Amino acid sequence: MSKIGLYFGTFNPIHVGHLIIANHMVENSDLDEIWMVVTPHNPFKKKSSLLENHHRFELVYKATENYPKIKASDIEFKLPQPNYTAHTLAHISDRYSDKEFCLIMGEDNLKSFHKWKNFETILEHHQLYVYPRISDGVLETTLDSHPKIQKVEAPIIQISATMIRNGIKEGKNIRPMLTKEVWNYIDEMNFYRK
């Protein structure tokens, strides 16, 4: 049974930091593949700067097409909104019963994981692979040494999509933070300029 790591994000836009983490996780753990799950509009994020779902999916597809172990996924686009990770995991596990799904998240998200809807159910059925992030807050002690939570020593990446969007709006050269394919698409479509 192949083991798939699900890396959720708005990817607005996907940048080299996301790729470095995904590639590091798939190359330095027992995961066979990583699926970059592009999340539809998140109620916690301001919608104005969020590209439409299909454009963000296209960016993730372009960024990952040269990485055979990393795939773009639009599975959440077809699920009812608002969507919760627990529901997506249940749906994806039913749909692909021949695969085992794990959740990839940054340490910052792990700190608020105990507030997620059905987080106990998630932990009962899925492993969590956690990469380091510099963040405030304290980890719930019950999660610190949980048998289903595996911390992976990965590079700490301090690149944010917000920084990239603001840089484009201000006319700065942000190209080193994006793959060539992603930059070309953003440039061609005139995204984030206003």
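Residues numbered from 1 in each chain as written. Predicted model: local features only at pLDDT ≥ 70, side-chain atom pairs only at ≥ 80, totals over all residues. Heavy atoms only, no water.

A.B. asks: Whenever I open this one, the overall build of the protein chain confuses me. Can you help?
C.D. replies: Looking only at helices and strands, the protein chain features 8 helices and 6 strands. Going from the N terminus to the C terminus, the protein chain shows its helices and strands as β-α-β-α-β-α-β-α-α-β-α-β-α-α. A compact globule built from 194 residues should have a C-alpha radius of gyration of about 16 Å, and the protein chain, at 16 Å, falls within 12% of that. When its C-alpha atoms are laid out on the principal axes, the protein chain stretches across 45 × 35 × 30 Å. Within the protein chain, the proportion of its 194 residues that are buried is 46%. Of the contacts made within the protein chain by residues no fewer than 6 positions apart, 68% connect residues no fewer than 24 positions apart. When the accessible surface of the protein chain is summed, it comes to about 10,500 Å², and 49% of that surface belongs to carbon and sulfur atoms. Computed over 24 positive and 24 negative side-chain charges, the inter-centroid distance for the protein chain is 7 Å. (Helix = DSSP H or I, 4+ residues; strand = E, 2+ residues; numbered from the N terminus. Rg over C-alpha atoms; globule rule 2.2 N^0.38 Å. Buried < 20%, exposed > 50% of the residue type's maximum accessible area, 1.4 Å probe, protein only. Contact = heavy atoms within 4.5 Å. Areas by Shrake-Rupley, 256 points an atom, 1.4 Å probe, with all protein chains shown as cover. Lys, Arg positive; Asp, Glu negative; His and termini not counted. Charge placed at Lys NZ, Arg CZ, Asp CG, Glu CD.)

A.B. asks: Any chance you could explain the pattern of salt bridges here in plain terms?
C.D. replies: Once their charged atoms are close, side chains differing in charge can pair, the charge on each being opposite to the other. The tally for this structure, following the rule as stated, stands at 8 salt bridges. For Lys69, the salt bridge is made with Glu27, and the minimal N-O distance between the two is 3.2 Å. Of this pair, Lys69 sits in the loop between helix H2 (53–64) and strand E3 (70–73) while Glu27 sits in helix H1 (residues 16–27), and the two are 42 residues apart along the sequence. Owing to a relative accessible area of 35%, Lys69 belongs among the partly exposed residues under this scheme. By relative accessible area, which is 45% here, Glu27 ends up partly exposed. The closest approach of N and O atoms between Arg193 and Asp187, which form a salt bridge, is 2.5 Å. Accessibility expressed as a relative area gives 32% for Arg193, which makes it partly exposed. Residue classification places Asp187 among the partly exposed positions, given a relative accessible area of 34%. (Salt bridge = Lys/Arg side-chain N within 4 Å of Asp/Glu carboxyl O.)

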